[in-house]
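For reference, the chains in residue letters:
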2 protein chains.
Amino acid sequence: MKEFRGAKNPWRTLNQRWVYTNPWIHVREDSVIRPGGSSGVYSVVVMPPSVGVVAVDDNGLVALVKQWRYTLDRLSLEVPTGGLNDDELDPDGALRGAQRELQEETGLQSDLWQFLGTIDNSNGVTNEVAHLFLATGVTRVVEWTADPDEPLTVVWVEWEEAVRRAVSSEITESVSVCALLRADLRRKDRA
Amino acid sequence: MKEFRGAKNPWRTLNQRWVYTNPWIHVREDSVIRPGGSSGVYSVVVMPPSVGVVAVDDNGLVALVKQWRYTLDRLSLEVPTGGLNDDELDPDGALRGAQRELQEETGLQSDLWQFLGTIDNSNGVTNEVAHLFLATGVTRVVEWTADPDEPLTVVWVEWEEAVRRAVSSEITESVSVCALLRADLRRKDRA
């Protein structure tokens, strides 16, 4: 974007240390000089990139997954999402990760994939970037069973109903809302 | 939603401890029994709710803010966003917080506010819920200056151009993408 030309980082990082780590996240605390000149700390929750997939079959039905979100202590209706593995961090890795996550979470596959761009989540705190995809003409792979530690239920809804839910906050997960609405607007040739 | 009736938490929490805290985030590590029956840990990055505001003037121009995102090490073009303060956690607090953030980040105010629902960001890791608003007929408040530690530049763009950028990934921040696209689809009476 022309507005970003000549951009310069107004922050100075003096020191970095890892303050918490587990298999999914790493928390880094940086000593910084803020843009205004005062000193302080800035902590970043470091996470792998993630993917989200709007999966549509030949009847125009969208495959959503219903699962319990431990962080929010409630059920959530979402498009299939997940973090990328270490071997999916190359330029083509996001697509492979999206294909893997779709199959793992729903048992579905597709030969027709379109990239819907990226979003960043909680970008004041995390470095998570999500890559969004639209998979059309999805078909079921035989002999699929859900992971017992990730008990998902697949719910098929009409395209317009999925979009309505993303607008009305029946769907709230950010990757799902962005992917469904971007796909809908692209379908209508708005952008 | 009818799909959520009778929902039961499939996780069991055995113990919780705080493993990192700073003025903006708290990291909690829980000992859990996973839905499949195995034991492990689940860590939650606990954050206050946030707000995001699509602010439009009487000429149909949208006020976006350009700022450096330390987490991503780059500039980001976004709608005005921010975390709620401790005195903004009551049912009307999100609206007050949105009005405060809009004025702090842009010097703008409005008498016409519409709620665009909520989203949750990185909901595998954080408990962040963002409340989205549309403020129309915004006008400038006199004698506003930006916070030197949060050097923002306000960029005015046409409605259709803002939506195009949210679809094309020139705007990637999740609250901004969701708020702009929800506002656009509601304007067109889709939901």
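Predicted, not measured: the structure shown is a model, and the values here were computed from it.

Focus: the packing of aromatic side chains
(1) Moving on: For the structure shown, the criterion picks out 10 aromatic pairs over all chains.
(2) Moving on: Consider the rings of Trp11(A) and Tyr42(A), whose centres lie 5.3 Å apart with planes at 90°: the pair is edge-to-face. Residue Trp11(A) is found in the segment before β1 (12–21), and its partner Tyr42(A) is found in strand β3 (residues 39–46); the two are separated by 31 residues along the sequence. A single burial state applies to Trp11(A) and to Tyr42(A), both of which are buried.
(3) Moving on: Three or more aromatic residues joined by ring pairs make a cluster, and in this case those are Trp11(A), Tyr42(A) and Tyr70(B).
(4) Moving on: A cation over a ring is seen here: Arg187(A) above Trp159(A), with NZ or CZ 4.1 Å from the ring centre.

As for the side chain of Glu101(B)
Residues and elements named next belong to chain B.
(1) Moving on: Here Glu-101 is to be found in helix α1 (residues 93–106).
(2) Moving on: You can call Glu-101 buried: its relative accessible area is 7%.
(3) Moving on: Looking at Glu-101, its side chain comes within polar contact range of the side chain of Arg-100, at 3.2 Å.
(4) Moving on: Setting aside residues up to four positions removed in sequence, Glu-101 forms contacts with Val-51, Thr-81, Gly-82 and Gly-83.

Some thoughts on the pairing of strand β6 (residues 74–78) of chain B
Consecutive side chains along a regular strand alternate between the two faces of the sheet.
Residues and elements named next belong to chain B.
(1) Moving on: In terms of burial, β6 is a largely internal element, 4 of the 5 residues being buried.
(2) Moving on: Across 5 bridges, strand β5 (residues 61–69) lies against β6 in antiparallel orientation. Its bridge partner lying in β6, Val-65 is registered against Glu-78.
(3) Moving on: Between β5 and the antiparallel strand that follows it, β6, lie 4 residues; Asp-73 among them carries a positive phi value of about 60°.

Things to note about the pattern of salt bridges
(1) Moving on: Applying the stated criterion across every chain yields a total of 26 salt bridges over all chains.
(2) Moving on: Of the charged contacts in the structure, one is a salt bridge between Arg28(B) and Asp30(B), with a shortest N-O distance of 2.8 Å.
(3) Moving on: According to the relative accessible area criterion, Arg28(B) is buried, its value standing at 17%.
(4) Moving on: Between Asp90(B) and Arg96(B) there is a salt bridge, with its nearest N and O atoms 2.9 Å apart.
(5) Moving on: Taking the relative accessible area as the measure of exposure, Asp90(B) reaches 34% and is therefore partly exposed.
(6) Moving on: Bridged by salt links that share partners, the residues Glu88(A), Arg100(A), Glu101(A) and Glu104(A) form one connected network.

Overview of the relation of the copies chain A and chain B
(1) Moving on: Superposing chain A onto chain B takes a rotation of 180° combined with a translation of 0.0 Å along the rotation axis, leaving an RMSD of 0.0 Å. Here the two chains are linked by the operation of a two-fold rotation axis.

Some thoughts on α1(B)
Residue and element names in this part refer to chain B.
(1) Moving on: In this model α1 runs 20 Å from its N-terminal to its C-terminal C-alpha over 14 residues, within 8% of the 20 Å that 1.5 Å per residue would give.
(2) Moving on: By the burial criterion, the buried members of α1 are Gly-93, Ala-94, Gly-97, Ala-98, Arg-100, Glu-101, Leu-102, Glu-105 and Thr-106.
(3) Moving on: Gly-107 lies just past α1 and shows a positive phi near 75°.

Some points on the environment of Ser31(B)
(1) Moving on: Residue placement: Ser31(B) occurs in strand β2 (residues 26–33).
(2) Moving on: Each C-alpha atom of the pair Ser31(B) and Thr13(B) lies 6.0 Å from the other, and the pair is 18 residues apart in sequence.

Some words on the sheet that holds β6(B)
All names here are of chain B.
(1) Moving on: Across the sheet, which stays open at both edges, the 3 strands sit in the order β6-β5-β12 with antiparallel pairing between neighbours. For this open sheet the edge positions go to β6 and β12 (153–158), each flanked by a neighbour on one side alone. The mean angle between the axes of side-by-side strands here comes to 30°, regardless of whether they run parallel or antiparallel.
(2) Moving on: Contacts between helix α2 (residues 159–168) and the sheet are confined to β5, β6 and β12, with β12 contributing the most and set at about 105° to the helix.

Definitions and cut-offs
Here, residues in each chain are numbered from 1, in the same order as that chain's written sequence. Naming scheme: in the order in which they are written, chains are lettered from A and ligands are numbered from 1. Where local features are concerned, this predicted model is filtered to residues with pLDDT of at least 70; where side-chain atom pairs are given and counted, the filter is 80 or more; whole-chain, interface and lining totals use all residues. Working from all heavy atoms in the structure, the side-chain values ignore hydrogens and water. Aromatic pairing here means that ring centres of Phe, Tyr or Trp (its six-membered ring) are within 6.5 Å. Orientation follows from the plane angle: under 30 degrees is stacked, over 60 is edge-to-face, and everything else is tilted. Here a helix means four or more residues in a row that DSSP labels H or I, a strand means two or more in a row labelled E, and each is numbered from the N terminus. Categorising residues by exposure relies on relative accessible area from a 1.4 Å probe, with only protein chains included: less than 20% of the type maximum marks a residue as buried, more than 50% marks it as exposed, and the intermediate range marks it as partly exposed. Look at NZ for Lys and CZ for Arg. If either is within 6 Å of the ring centre and within 35 degrees of the ring normal, a charge sits over the ring. Here a polar contact is recorded for every N or O atom pair within 3.5 Å, except that within protein the pair must consist of a potential hydrogen donor and a potential acceptor, and residues adjacent in sequence are included only if both atoms are side-chain atoms. Any two residues whose heavy atoms approach within 4.5 Å at even a single point are treated as in contact. Only strands joined by at least two bridges in the DSSP assignment are considered to pair. The term salt bridge refers to a side-chain nitrogen of Lys or Arg lying within 4 Å of a carboxyl oxygen of Asp or Glu. Least-squares fitting of one copy onto the other uses the C-alpha atoms of those residues that reach a pLDDT of at least 70 in both copies. To estimate how far a helix should extend, the number of its residues minus one is multiplied by 1.5 Å. Between N-to-C directions, angles span 0 to 180 degrees; the directions come from axes that are lines fitted to C-alpha atoms, helices contributing only their stretch in contact.

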